Amino acid sequence: MTTGSLTALSVRKVTARIGAEIRGVNIGDELDGETVAAIRAALNEHKALVFKDVDLDDAGQERFARYFGELTTAHPTVPSEPGAPNVLPVDSEQGRANHWHTDVTFVVSPPQVSTLRSIVLPPYGGETLIANAAAAYRDLPEPLRAFAETLWAVHTNDYDYAVPPESLDEGARERRAQFTSIGYETVHPVVRVHPLTGERGLFIGGFASRIVGLSNTESRDILRLLQSYVTRPENVLRWRWSPNELVIFDNRITQHYAIDNYDDLPRRLNRVTVAGEIPVGVHGKASYSISGDASHYTPAISLPAVA
């Protein structure tokens, strides 16, 4: 196996606030430390990176993801790809993730990084939206920003699907039951401090069900208001997939959404995620679990606090 070097690596921004394409490096090769550090620096800055024309199988995707840390298993409750316990098939035939979310925030130490690789693509539609939650935080008016910094939210995998149970077919009911087969509730800061950059970002999304100390009605109104800043078009990358592409995004400070705009055509991406640390709010307090043991899914990674 050849070694990827830093010499030819280049970074091309895709939008002003989020996203960059990385050129000049073959992520199927063995990467040296300088190259990995350059990719990490680009990820810190741009939040989501695109690699085109990659030649990777599941093992190659896992190998690339491991440059950023220890892997999680595929998911706390959803089965992995057979024979590949770290790979989650994101398959349209098994449901569609057309809601804004950050991956697996219902556990106390969500993944720090997610990678997605195109496997089967529809001839139209099927884009992935990725939003910059740090830019959303900076967009908040100062009084709202100060208010958000005081808030904590309960995240759960028994979230509001916006689809009433009685409207589901048998397959969808089974998938929902699988997703909630272990119940998780975790309390996270609404404003999270990124452990590597010190940036502050809104840490909410679809698994955030309510604000600690507030009623469900009050919580919905506040979460809806804050979420509207995350999903402003200026903060969103809309990525149209092509064959043999890999996208990596910083799960600590982004949200994403898979657009359901491709009729009943097949669409599949394979996901591999990197274990993350327990989130910390602006006053140094860490997230905590209410219920649900995720030790089979991910270790908790400790990183030094950013000054």
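Residues numbered from 1 in each chain as written. Predicted model: local features only at pLDDT ≥ 70, side-chain atom pairs only at ≥ 80, totals over all residues. Heavy atoms only, no water.

For the chain, an unreviewed UniProt entry supplies the name TauD/TfdA family dioxygenase and the organism Dactylosporangium fulvum. Quoted verbatim from the Sequence similarities (unreviewed entry) heading of the UniProt record, the comment on the chain is "Belongs to the TfdA dioxygenase family." According to its UniProt record, the chain has this under Cofactor (unreviewed entry): "Fe(2+)". (UniProt positions renumbered as here; feature names shortened; annotations may be inferred.)

Peer 1: Help me out: how do you make sense of the overall build of the chain in this one?
Peer 2: Regarding its fold elements, the chain presents 6 helices and 18 strands. Its C-alpha atoms give the chain a radius of gyration of 19 Å, within 12% of the compact-globule value 19 Å for 307 residues. For the chain, the spread of C-alpha atoms along the principal axes amounts to about 55 × 50 × 35 Å. For the chain, the proportion of its 307 residues judged to be buried stands at 52%. Here the contacts in the chain between residues at least 6 apart in sequence split such that 83% fall between residues at least 24 apart. Carbon and sulfur atoms make up 51% of the accessible area of the chain, which amounts to about 13400 Å² in all. (Helix = DSSP H or I, 4+ residues; strand = E, 2+ residues; numbered from the N terminus. Rg over C-alpha atoms; globule rule 2.2 N^0.38 Å. Buried < 20%, exposed > 50% of the residue type's maximum accessible area, 1.4 Å probe, protein only. Contact = heavy atoms within 4.5 Å. Areas by Shrake-Rupley, 256 points an atom, 1.4 Å probe, with all protein chains shown as cover.)

Peer 1: What's the story with the sheet that holds strand E14 (residues 236-239) in this structure? I'm lost.
Peer 2: Strands belonging to one sheet form pairs held by backbone hydrogen bonds; the direction of such a pair is parallel or antiparallel. Pairing within the open sheet is antiparallel, and its 3 strands lie in the order E14-E8-E16. Strands with a single pairing partner mark the edges of an open sheet, and in this sheet they are E14 and strand E16 (254-258). Within this sheet the neighbouring strands show an average axis-to-axis angle of 20°, counted without direction. Two strands pair when backbone bridges link them, and strand E8 (residues 128-132) and E14 are joined in this way by 4 bridges, in the antiparallel orientation. Within E14, the position partnered with leucine 129 by the bridge is arginine 238. (Pairing = 2+ DSSP bridges. Axes fitted to C-alpha atoms, helices over the stretch in contact; angles between N-to-C directions.)

Peer 1: Where do I start with the packing of aromatic side chains in this structure?
Peer 2: Both the distance between ring centres and the angle between the ring planes are used here to describe each pair of aromatic rings. Within the structure shown, the criterion is met by 6 aromatic pairs. On the basis of an interplanar angle of 70° and a centroid distance of 6.5 Å, the ring pair of phenylalanine 64 and tyrosine 67 is categorised as edge-to-face. Three or more aromatic residues joined by ring pairs make a cluster, and in this case those are Phe51, Phe64, Tyr67 and Phe68. The aromatic ring of tyrosine 137 is capped on one face by arginine 145, whose charged end is 5.6 Å from the ring centroid. In this structure, lysine 285 is placed above the aromatic ring of tryptophan 152, and the distance from its NZ or CZ to the ring centre is 5.0 Å. (Phe/Tyr/Trp six-rings, centres within 6.5 Å; stacked < 30°, edge-to-face > 60°. Lys NZ or Arg CZ within 6 Å of the ring centre and 35° of its normal.)

Peer 1: Sorry if this is basic, but what is going on with the environment of serine 215 here?
Peer 2: Along the chain, serine 215 falls in the loop between strand E13 (208-211) and helix H6 (216-230). Classification of serine 215 as partly exposed rests on a relative accessible area of 34%. Through-space distance from the C-alpha of serine 215 to that of leucine 71 is 37 Å; in sequence the pair is 144 residues apart.

Peer 1: How should I be thinking about the pairing of strand E3 (residues 20-23) in this particular structure?
Peer 2: Side chains on a regular strand alternate between the two faces of the sheet. Sheet analysis places strand E2 (residues 10-13) next to E3, joined by 4 bridges and oriented antiparallel. When the bridges of E3 are listed, lysine 13 appears paired with alanine 20. Hairpin connection from E2 to E3: 6 residues lie between these consecutive antiparallel strands, with glycine 19 at a positive phi of about 100°. Bridging between E3 and strand E5 (residues 48-51) involves 2 bridges; their strand directions are parallel. Within E5, the position partnered with glutamate 21 by the bridge is valine 50.

Peer 1: When you look at the pattern of salt bridges in this model, what are you seeing that I'm missing?
Peer 2: Pairing between side chains of opposite charge can happen when their charged atoms approach one another. Per the stated rule, a full pass over the model turns up 16 salt bridges. Note that arginine 252 is salt-bridged to aspartate 250, the shortest N-O span being 3.9 Å. The network of salt bridges with common partners includes Arg12, Glu21, Arg23 and Lys52. (Salt bridge = Lys/Arg side-chain N within 4 Å of Asp/Glu carboxyl O.)

Peer 1: Help me understand the sheet that holds strand E6 (residues 88-91) in this model?
Peer 2: The strand order E2-E3-E5-E15-E7-E17-E6 describes an open sheet built from 7 strands, whose pairing is mixed. Lying at the two open borders of the sheet, with one neighbouring strand each, are E2 and E6. The average angle at which neighbouring strand axes cross in this sheet is 25°, direction not considered. Relative to strand E15 (residues 246-250), strand E7 (residues 113-120) is paired through 5 bridges, and the arrangement is antiparallel. The residue bridging threonine 115 from the neighbouring strand is isoleucine 248, located in E15. Most of the contacts of helix H1 (residues 33-46) go to E5, to which it runs at about 130°, and overall it touches E2, E3, E5, E7 and E15. Of the strands in this sheet, E5, E7, E15 and strand E17 (268-274) are in contact with helix H2 (residues 58-66), which crosses E17 at around 35°.

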